[in-house]
Amino acid sequence: MALPPCHIPGFELADIETGEARIRIARGGKGPPLLLLHGHPQTHLTWGKIAPALARSFTVVAADLRGYGDSSKPEGGPGHVNYSKRAMALDQVKVMRSLSFKRFAVVGHDRGGRVAHRMALDHPEAVERIVVMDIAPTATMYAQTNKEFATRYFWWFFLIQPAPLPERMIGADPEFFLRQHIANQIKVPGSTSDAVFAEYLRCYRDPATHHAICEDYRAAASIDLDHDAEDAEKRIAAPLLALWGGRGVVGQLYDVLQTWRDKAVDVRGEAVDCGHSPQEERPENTLRLLLDFLS
């Protein structure tokens, strides 16, 4: 079946089979390979404001994580294993290998940053440079949970409840949940266009997406923490850039650079004057910071 036109100018859509999942990608540009991984509740379209400019210098692959967008949505499996960041990272490594890219840079926002973190630990031979956007490490954030964090990031504790409770509640009015979620995190009004929101909503209306999202968060609160504990002494070897929203929860509650210096050997970074999504809220600033680091 023919795929629809890509919403990112100059990019083309493709589906890549990894053996465990089918991953939708948007690809464009020429040059060294660069993998872009979105967060919740977005899709690869979150990169739409900066991907064309990145494609002037890089071969850009913007992927939908398994369970999100137009990628496949497998069942969670025992212990939520199919949504462990280990499984989700392996998907993306296989995608890049299928495109003949054995080593590449990766930029991950939100959930995509957690996938990139695991990728850099499990596949150090593949990750040349890593950027994590508006996150502290998962284990750190759970370990330092307090009332303020639990209130402002309530979905970390809502989505992990046993199925089908959160799935049914989201399914009752997915547009309201999605709109409120994005509005609460974006601090620069109008950053998510109506057209992009419509695409997010198209994907978010799928009941399989609700379940996959919950499984992603359930894995983060269980099997991912087990994997992190096993690798507590490991450090990311690739140079790491941390960017975060100066007006967002992560930047206000954590010493972001220190949390990543505890996990990697070469860390730099800074805040961007925005909320949770620098690539959508401050695209010009974010693009400059990415180009300076990746180049």
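Look above for the structure.
Residues numbered from 1 in each chain as written. Predicted model: local features only at pLDDT ≥ 70, side-chain atom pairs only at ≥ 80, totals over all residues. Heavy atoms only, no water.

## Digging into the overall build of the chain
And step 1. For the chain, the helix and strand inventory stands at 15 helices and 8 strands.
And step 2. Taken against the 2.2 N^0.38 rule, which gives 19 Å for 295 residues, the C-alpha radius of gyration of the chain at 17 Å falls within 12% of a compact globule.
And step 3. Principal-axis analysis of the C-alpha atoms gives the chain an extent of 45 × 45 × 40 Å.
And step 4. A burial count over the chain gives 57% of its 295 residues as buried.
And step 5. Taking contacts inside the chain between residues at least 6 apart in sequence as the whole, the part at least 24 apart equals 75%.
And step 6. Summed over its atoms, the accessible surface of the chain is roughly 12,000 Å², and 52% of this surface lies on carbon and sulfur atoms.
And step 7. Distance from the positive charge centre (34 side chains) to the negative charge centre (37 side chains) of the chain: 2 Å. (Helix = DSSP H or I, 4+ residues; strand = E, 2+ residues; numbered from the N terminus. Rg over C-alpha atoms; globule rule 2.2 N^0.38 Å. Buried < 20%, exposed > 50% of the residue type's maximum accessible area, 1.4 Å probe, protein only. Contact = heavy atoms within 4.5 Å. Areas by Shrake-Rupley, 256 points an atom, 1.4 Å probe, with all protein chains shown as cover. Lys, Arg positive; Asp, Glu negative; His and termini not counted. Charge placed at Lys NZ, Arg CZ, Asp CG, Glu CD.)

## Focus: the packing of helix 8 (residues 174-185) against helix 9 (residues 194-204)
And step 1. At a minimum axis separation of 10 Å, helix 8 and helix 9 run at an interaxial angle of 130°. Relative to helix 9, helix 8 is oriented oblique. Relative to helix 9, the crossing made by helix 8 is right-handed. Each of Pro 174, Glu 175, Phe 177, Leu 178, Arg 179 and Ile 182 in helix 8 lies in contact with helix 9, whose residues at this interface are Phe 197, Tyr 200, Leu 201 and Tyr 204. (Axes fitted to C-alpha atoms, helices over the stretch in contact; angles between N-to-C directions. Parallel < 35°, antiparallel > 145°, perpendicular 65-115°, else oblique. Left-handed = near helix turned anticlockwise from the far one by under 90°.)

## Things to note about the packing of aromatic side chains
And step 1. A full pass over the atoms with the stated rule returns 11 aromatic pairs.
And step 2. Summarising the aromatic geometry, the rings of Tyr 142 and Trp 156 are spaced 4.8 Å apart at their centres and angled 50° between planes, so their arrangement reads as tilted. Of this pair, Tyr 142 sits in helix 4 (residues 138-143) while Trp 156 is found in helix 6 (residues 155-158), placing the two residues 14 residues apart along the sequence.
And step 3. Residue classification places Tyr 142 among the buried positions, given a relative accessible area of 17%.
And step 4. Centroid distance Phe 149 to Phe 157: 6.1 Å. Interplanar angle 80°. Geometry classified as edge-to-face.
And step 5. Taking relative accessible area as the criterion, Phe 157 reaches 26% and is therefore assigned partly exposed.
And step 6. What links up through ring pairs into an aromatic cluster is the set Tyr 142, Phe 149, Tyr 153, Phe 154, Trp 155, Trp 156, Phe 157 and Tyr 254.
And step 7. Taking the ring centre of Tyr 217 as reference, the NZ or CZ of Arg 111 above it sits at 3.8 Å.
And step 8. The ring of Phe 293 carries Arg 129 above its face, with NZ or CZ at 4.8 Å from the centroid. (Phe/Tyr/Trp six-rings, centres within 6.5 Å; stacked < 30°, edge-to-face > 60°. Lys NZ or Arg CZ within 6 Å of the ring centre and 35° of its normal.)

## Concerning the state of the cysteines
And step 1. This structure, assessed with the given rule, holds 0 disulfides.
And step 2. The thiol of Cys 203 is not disulfide-bonded; the next cysteine sulfur, from Cys 6, is found 12 Å away.
And step 3. The thiol of Cys 214 is not disulfide-bonded; the next cysteine sulfur, from Cys 203, is found 16 Å away.
And step 4. On the basis of relative accessibility, which here comes to 0%, the residue Cys 214 falls in the buried class. (Disulfide = S-S within 2.5 Å.)

## Things to note about the pattern of salt bridges
And step 1. Going through the model one piece at a time under the given rule, you end up with 25 salt bridges.
And step 2. Residue Arg 218 pairs with Glu 167 through a salt bridge whose shortest N-O separation is 2.9 Å. Taken as a pair, Arg 218 in helix 10 (residues 207-220) and Glu 167 in helix 7 (residues 165-172) lie far apart in primary sequence, 51 residues in all. Exposure class is identical for Arg 218 and Glu 167. Each is buried.
And step 3. Where salt bridges share partners, they join Asp 15, Arg 22, Arg 24, Asp 70, Glu 199 and Arg 202 into one cluster. (Salt bridge = Lys/Arg side-chain N within 4 Å of Asp/Glu carboxyl O.)

## Regarding the pairing of strand 2 (residues 22-28)
And step 1. In terms of residue burial, strand 2 counts as a mostly covered element, since 5 of its 7 residues are buried.
And step 2. The pairing of strand 1 (residues 12-17) with strand 2 spans 6 bridges and is antiparallel. Counterpart to Ile 16 in the pairing with strand 2 is Ile 23.
And step 3. In this antiparallel pair of consecutive strands, strand 1 and strand 2, the connection spans 4 residues, and Gly 19 shows a positive phi of 100°.
And step 4. Direction of pairing for strand 2 relative to strand 4 (residues 59-63): antiparallel, over a ladder of 4 bridges. Within strand 4, the position partnered with Ile 25 by the bridge is Ala 63. (Pairing = 2+ DSSP bridges.)

Purely geometric numbers; function is a separate question.
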